[in-house]
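# Chain and residue survey
Chain residues, written in single-letter form:
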Amino acid sequence: MKKSLVLIAFISALLVSACGNDENAMEKEKVKLVEDVLTAILNDDSETLDAKYIPAVLSTEELLKIKSEWGIKDLKTKDFTFEKVGEFTYHAVHQETKLTFRVMEKEGTSKIDFITKL
């Protein structure tokens, strides 16, 4: 009986650990997506934006133009820190500038569908 309990506890611990690793990997993928989209905006890369951004409010062209207004025109991706603030929401922060990205999962892939400056 004692061996069965130990075995069940061990299997449970493995399952919890595996789920945590899977969530970690998914989280890293989402942060990478946010980084890629921000890099595309900063580098005027409309091809990457078209592949990773679904325009919900701002079009790809508007995003590429608005970066001057947002004060990020001369910045690089490495100038930002990235943080998860909600289940689907991430911030890219540089000093007083905070950009919000919403990551949506559609048909098994993640894409950004909303970006704004706070």
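Not measured: the values here are computed from a predicted model.

Another aspect to go through is the pairing of strand E2 (residues 89-94). Among the six residues that make up E2, five are buried, leaving the element largely enclosed by the rest of the structure. Here strand E1 (residues 81-84) runs beside E2; their pairing, made up of four bridges, is antiparallel. The partner of Glu83 across the bridge, within E2, is His91. The loop that links E1 with its antiparallel partner E2 comprises four residues. Relative to strand E3 (residues 97-106), E2 runs antiparallel, the two sharing six bridges. Within E3, the position partnered with Tyr90 by the bridge is Phe101. The loop that links E2 with its antiparallel partner E3 comprises two residues; one of these, Gln95, has a positive phi angle of about 50°.

Under the criterion given, the structure shown has six salt bridges. For Glu105, the salt bridge identified is with Lys30, shortest N-O distance 3.1 Å. Placement of Glu105 in strand E3 and of Lys30 in helix H1 (residues 2-42) is noted, with a sequence separation of 75 residues between them. With relative accessibility at 41%, the residue Glu105 sits in the partly exposed group. The exposure class assigned to Lys30 is buried, which follows from its relative accessible area of 9%. Close ionic contact of Lys32 with Asp36 constitutes a salt bridge, the shortest N to O distance being 2.7 Å. Residue Lys32 and its partner Asp36 are both found in helix H1; the two are separated by four residues, about one turn of the helix. We classify Lys32 as partly exposed; its relative accessible area is 44%. Judged by relative accessible area, which is 16%, Asp36 ranks as buried. Here the salt bridges do not stand alone but share partners, grouping Lys32, Asp36 and Lys52 into one network.

How each quantity is defined
- Residues numbered from 1 in each chain as written.
- Predicted model: local features only at pLDDT ≥ 70, side-chain atom pairs only at ≥ 80, totals over all residues.
- Heavy atoms only, no water.
- Buried < 20%, exposed > 50% of the residue type's maximum accessible area, 1.4 Å probe, protein only.
- Helix = DSSP H or I, 4+ residues; strand = E, 2+ residues; numbered from the N terminus.
- Pairing = 2+ DSSP bridges.
- Salt bridge = Lys/Arg side-chain N within 4 Å of Asp/Glu carboxyl O.

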